[in-house]
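Chain residues, written in single-letter form:
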Number of protein chains: 2
Amino acid sequence: MSQPVSQKPQSAISPQRTEDFPEWYQQVIRAADMAENSEVRGCMVIKPWGYGIWEHIQQQLDRMFKATGHTNAYFPLLIPLSYLEKEAAHVEGFAKECAVVTHHRLESQKQPDGTMKMVPTGALTEPYVIRPTSETIIGAAFARWVHSYRDLPLLINQWANVMRWEMRPRIFLRTAEFLWQEGHTAHETKEEALEETERMLHVYEEFVRDHLAIPVIKGEKSERERFPGADITLCIEAMVQDRKAIQAGTSHFLGQHFSEAAGIQFTGRSGAKEYAWTTSWGVSTRLIGTLIMAHSDDDGLVLPPRVAPQQVVILPVTPKEETRAAVLEACQALAAALRAQTFAGEPVRVQVDTRDLAGGTKNWEWIKKGVPVRVEIGPRDLEKGSVAVSRRDRGLKEKEFLATEEFVSGAVAMLTSVQDGLLARATAFRDANMVKIDSLEAFEKYFTAARPEKPEIHGGFALCHWAGSAEDEDRLQKELGVTMRCMPFGDEFREEGVCFLTGAPSVRRVIFAKAY
Amino acid sequence: MSQPVSQKPQSAISPQRTEDFPEWYQQVIRAADMAENSEVRGCMVIKPWGYGIWEHIQQQLDRMFKATGHTNAYFPLLIPLSYLEKEAAHVEGFAKECAVVTHHRLESQKQPDGTMKMVPTGALTEPYVIRPTSETIIGAAFARWVHSYRDLPLLINQWANVMRWEMRPRIFLRTAEFLWQEGHTAHETKEEALEETERMLHVYEEFVRDHLAIPVIKGEKSERERFPGADITLCIEAMVQDRKAIQAGTSHFLGQHFSEAAGIQFTGRSGAKEYAWTTSWGVSTRLIGTLIMAHSDDDGLVLPPRVAPQQVVILPVTPKEETRAAVLEACQALAAALRAQTFAGEPVRVQVDTRDLAGGTKNWEWIKKGVPVRVEIGPRDLEKGSVAVSRRDRGLKEKEFLATEEFVSGAVAMLTSVQDGLLARATAFRDANMVKIDSLEAFEKYFTAARPEKPEIHGGFALCHWAGSAEDEDRLQKELGVTMRCMPFGDEFREEGVCFLTGAPSVRRVIFAKAY
């Protein structure tokens, strides 16, 4: 037998979720060895375990984008300042967070104190900004590519890094540099562009639900929260365990703003010149932050199997040298039997941890890393033909002893059960923390009541009738830290009522929440 | 039947290879719609067909890196200037081509002429450079991660964009921004680091040979051509059709230079503090340029099946409306039968081109895009149960009429034959253009003789005994445009002789060539 897991070391996460949620989040990331802050302000280093999750997110989304007719391409990192200026709302929205390249070489220069120092030289006649998003530079390419309605639709995606100089960075959720995909499409008609905007929102919802095991609400942003330069911004909003919202993805209908700014013109069916209708949509490494906050617990990360870099970890228990070889062989045989099976269309991902470390240490490492299933095999298990199986989504003491064959034949079902269970749990939590609120008094109470003893617990999703102005939204944010997350699509939100602030009539409830 | 391919339109590449090789290269890229220059100086837009090739290069290399024990991670795009300065040779080597970020916001400012303009504000106290390569920033991370010999080896790879401000950019081969992978590893001993350096060079050789169908020569760079900061730079050198060399990949043994600069220290087995031994290795989108120059012809791109975004294109020939549906159905059935098969471990990639365009136009488009196999199906083929098959590696008029079943059952063998044939052709060409040269006179003649009428044809690989200095190399480059490509590893290059320039003794021949 391995060391009993009940010997809980100090490595469980401290503080716990209810003590200090933001700090718990940082500690989960550290304990799982996923990422760390770098010496570059607001920029993170994504370590192998974190990057492995991103690779699975990428692969699966990429497949979904291709299945909906998109192809990948790559556009320049740098954007001429004059391009950004072409769309007024756009440059206004991003100006405050642009990293600007002004020089193209370095030279060694003598300093007043006599030392030599490298200084920027070769000033550029026109500065460049590092892309905060690529509408303008991709728009310029589309203008070159599109001539006739036959060239449309143009359905392009880019996997890239982008940069927004964040004043209050938070690892994965809000970093100066982040990795993302940005879809950019151009269409002949407004209707087609609107359809595309909705199609990709649906792809995001499906992906986040089926792969990340997080239920999201689809809806439209208020004017105040729109993407700079968009006519309509759609979004998916997730709830995490402190009941705050995270915008997990957005899809924008850009109207003809960017095609007019960039000159994406084509000869239409009538022979007349027309401007294309464009969309853009994106998700980023922020999804990893959402994932962590949605599922993890006070022992560390909890990963849905579909995006776990390893789905099963096998831990050989080798107390005696004479049985060591047999145990290791059995572990490798088990790994091979598992890899021969398919979960969600891919071979099961298994690692045998043969490192020369104490069993308890190893076990704790994998708990903190959130591996869905851990299997221990020792000499006595070998004799009995059994394995000791622990599921990350269950309590730490719930270890099951299964006949090896039984475990192998049920492994895929077990992974499915973990995946589905996480979604069910997150859905139940979200639903339990979504309430209809119909007065300002109730609204204020909902978002402030928990404050005194539990500063980290924040109401939930308040479903409200709303007919207020952008200024009213400003005030709610300033006074309560609450923003309108979206005007949700679902029929369950449609009903007549009156705005809790202005008393004006309303035909559907919107969602207010605190948000990351 | 489709339109006869003998009606060669003007869309074949002009100029031809023997007329103007560099311009032919640009025209192949344009005709295949792979990439284009952007408005950002020296930066390219990689269009879907070019990016599709990069995706296959990535996937296959990534598998090889993982099979050799490496994992992916991601490090910041920006490097503090002070980091770059830590390794003297390194900063010296890259200073002239660094894009420098000096500000982090934009503000609207009134110009003398009364207009408003965005100008950079928020000056940074320490400027950042956009990574030209990541040794320094990854070294800083490694210093945080490595404490004991048990933490080694550290085997990390990064897929990323990098930036080097090139004065003479050439699309794919030398661009200001390019995509690449950079491996960075840290080891306990010098021997292990040397082994890693060689292992990855071997991975590159294998990849370029087996996937890109290009034979390369492995060797070591002279001191003059070494990576700034490396003790040893190994490389693979390819020959392209104008007989010039392209450095297709490099692997560097960095000694302890970067670990001393960054402080990658660990407690060794003896208990004493030691510096790690590091390596780095990389290939880039330059491989796509190499691929184009190695295989393409005067009709456009020629792609090895293993990296072709589509391996088979099916062209429905639909002269009459009444047979149209049946032809399209047969095309889709054929596509399904092909996709059910596996080439090089993956389902065959097939596209049915159903666009409403003339058959000749479509056919020419796919010729120019270099798709390995084109299949035409028309009403008469349907009646006969046959298909018309054209291989891109054969002459344009060589169309084979095969029974559909025969084609399907032989398709994988046909793709293999195209793949192998391209490698055999490139190898024969390279071998035919590699000559032993033993006098300065012969050397000069070899690299200048072809000049008068064929300015684009450049000797080939000159195998020479060499014992000259870095200054001698400088002179050869200045006078003849020739550089030492590498000191090759192969036994076939080992023999005693005397340097053709200095007369000093030598124990192996090295390779001189003109190069991109």
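The rules behind each value
Residues numbered from 1 in each chain as written. Chains lettered and ligands numbered in written order. Predicted model: local features only at pLDDT ≥ 70, side-chain atom pairs only at ≥ 80, totals over all residues. Helix = DSSP H or I, 4+ residues; strand = E, 2+ residues; numbered from the N terminus. Rg over C-alpha atoms; globule rule 2.2 N^0.38 Å. Buried ≥ 20, exposed ≤ 12 C-beta atoms within 10 Å, placed from the backbone. Contact = placed C-beta atoms within 7 Å. Nonpolar A, V, L, I, M, F, W, Y, C, P; charged D, E, K, R; others polar. Pairing = 2+ DSSP bridges. Axes fitted to C-alpha atoms, helices over the stretch in contact; angles between N-to-C directions. Domains from an automatic or database assignment. Core = buried A, V, L, I, M, F, W, Y, C linked by C-beta atoms within 7 Å. Least-squares fit on C-alpha atoms with pLDDT ≥ 70 in both. Expected span 1.5 Å × (residues − 1). Bend = angle between axes of the 7 residues up to and from the residue. pLDDT = per-residue confidence, 0-100.

Right, let's talk about the overall build of chain A for a bit. Each helix and strand counted, chain A has 14 helices and 26 strands in total. For chain A, the C-alpha radius of gyration of 26 Å lies close to 24 Å, the compact-globule estimate for 516 residues. Counting every position in chain A, which comprises 516 residues, the buried fraction comes to 51%. Long-range contacts, defined here as pairs at least 24 residues apart, represent 70% of the contacts in chain A between residues at least 6 apart.

Here we come to the interface of chain B and chain A. Contacts between the two partners involve 46 residues from chain B, matched on the other side by 46 residues from chain A. Among the elements that take part in the side of chain B that touches chain A, strand 5 (residues 100-110) of chain B stands out by supplying eight residues, more than any other. Partitioning the side of chain B that touches chain A into residue classes produces 30 nonpolar, seven polar and nine charged. Looking at chain direction, strand 5 (residues 100-110) of chain A and strand 5 of chain B are connected through three bridges and run antiparallel. Each residue of the ladder has a partner; that of H103(A), found in strand 5 of chain B, is V100(B).

What follows concerns the sheet that holds strand 5 of chain A. With antiparallel pairing, the six strands of this open sheet are ordered in space as 4(A)-6(A)-5(A)-5(B)-6(B)-4(B). Strands at the two margins of the open sheet, each flanked by one partner only, are strand 4 (78-80) of chain A together with strand 4 (78-80) of chain B. Averaged over neighbouring strand pairs, the angle between their axes works out to 40 degrees when direction is ignored. With nine bridges connecting them, strand 5 of chain A and strand 6 (residues 116-130) of chain A associate as antiparallel partners.

Our focus in this paragraph is the pairing of strand 19 (residues 373-377) of chain B. Residues and elements named next belong to chain B. Among the five residues that make up strand 19, five are buried, leaving the element largely enclosed by the rest of the structure. Of the two faces of strand 19, the one lined by V373, V375 and I377 and the one lined by R374 and E376 are each fully buried. As defined by bridge partners, strand 15 (residues 312-316) adjoins strand 19 across five bridges and the pair is classed as parallel. Bridge pairing links V312 to V373 in strand 19. In this sheet, strand 20 (residues 386-391) lies alongside strand 19 in antiparallel orientation, the contact comprising four bridges.

We now examine the domain arrangement of chain A. Once the domains are mapped, chain A shows domain 1 (33-99 + 131-295), domain 2 (305-430) and domain 3 (434-513). Inter-centroid distance (C-alpha atoms) of domain 2 of chain A to domain 3 of chain A is 44 Å.

All names here are of chain B. Taken in spatial order, the five strands of this open sheet run 18-15-19-20-21, and their pairing is mixed. Lying at the two open borders of the sheet, with one neighbouring strand each, are strand 18 (350-352) and strand 21 (399-403). Adjacent strand axes in the sheet meet at a mean angle of 25 degrees when their direction is disregarded. Two elements, strand 20 and strand 21, share five bridges in a ladder whose sense is antiparallel. By the bridge assignment, A388 is partnered in strand 21 with F401. Each of strand 15, strand 18 and strand 19 is contacted by helix 9 (residues 321-339), which is oriented at about 170 degrees to strand 15, the strand it contacts most. Docked against the sheet, helix 10 (residues 359-369) engages strand 15 and strand 19, running at close to 175 degrees with respect to strand 15.

With that settled, the discussion passes to helix 8 (residues 286-295) of chain A. Counting buried positions along helix 8 of chain A yields ten of ten residues, so the element is predominantly enclosed. Those residues of helix 8 of chain A lying buried are R286(A), L287(A), I288(A), G289(A), T290(A), L291(A), I292(A), M293(A), A294(A) and H295(A).

With that settled, the discussion passes to the nonpolar core. A238(A), A238(B) and V375(B) are the most contacted members of the largest nonpolar core, which has 312 residues in total. Ranked by residue count, the leading element in this core is helix 12 (residues 404-432) of chain B, at eight residues. Not counting residues up to four positions away in its chain, the partners in contact with A238(B) are V208(B), I214(B), V216(B), A245(B), I246(B), A248(B), T290(B) and A294(B).

Residues and elements named next belong to chain A. Residue placement: I130 occurs in strand 6. Residue classification places I130 among the buried residues on the basis of 25 C-beta atoms within 10 Å. A C-alpha to C-alpha distance of 6.4 Å links I130 and V100, two positions 30 residues apart in sequence. Those residues in contact with I130, other than ones at most four positions away along the chain, are L77, L78, A99, V101 and M163.

When chain B is fitted onto chain A, the two copies agree to an RMSD of 0.0 Å after a turn of 180 degrees and an axial shift of 0.0 Å. Expressed as an axis order, the relation between the two copies is that of a two-fold axis. Considering only C-alpha atoms, the part of chain B nearest the rotation axis is V101(B), at 2.1 Å. In this assembly the copies share their binding face: 100% of the residues contributing to the interface of chain B also contribute to that of chain A.

Attention shifts here to the pairing of strand 25 (residues 494-498) of chain A. Residues and elements named next belong to chain A. Pairing of strand 25 with strand 26 (residues 505-513), which is carried by three bridges, proceeds in the antiparallel orientation. Bridge pairing links R494 to R508 in strand 26. Following strand 25, the chain reverses through six residues before pairing antiparallel with strand 26; G503 in that reversal takes a positive phi of roughly 75 degrees.

Residues and elements named next belong to chain A. Summarising the element assignment, A230 is placed in the loop between strand 9 (216-220) and strand 10 (232-239). Taking the C-alpha atoms as reference points, A230 and S280, 50 residues apart in sequence, are found 9.1 Å from one another. Excluding anything up to four places from it in sequence, A230 contacts H252, F253 and L254.

To continue, consider helix 12 (residues 404-432) of chain A. With 29 residues, helix 12 of chain A ought to run about 42 Å at 1.5 Å a step, and its terminal C-alpha atoms sit 39 Å apart, in line with that. Where helix 12 of chain A bends most, the angle comes to about 55 degrees, and this point is A411(A).

Overall, the prediction assigns chain A a mean pLDDT of 94, with 96% of residues at 70 or greater. Across residues 1-7 of chain A, where pLDDT falls below 50, the model places 17 contacts with residues more than four positions away in sequence or in other chains.

Residue and element names in this part refer to chain A. Mapped onto the elements, L287 comes out in helix 8. For L287, a count of 27 C-beta atoms within 10 Å corresponds to the buried category. Sequence-wise, L287 and E329 are 42 residues apart; in three dimensions their C-alpha atoms are separated by 38 Å.

In this section: unusual backbone geometry. Residue and element names in this part refer to chain A. A cis amide bond links S14 with the next residue in sequence, P15, at an omega value of 5 degrees. In this structure, R243 is a non-glycine residue whose phi angle is positive, near 70 degrees. Locating R243 in the fold gives a position in the loop between strand 10 and strand 11 (245-253). A tally of 22 C-beta atoms within 10 Å means that R243 is categorised as buried.

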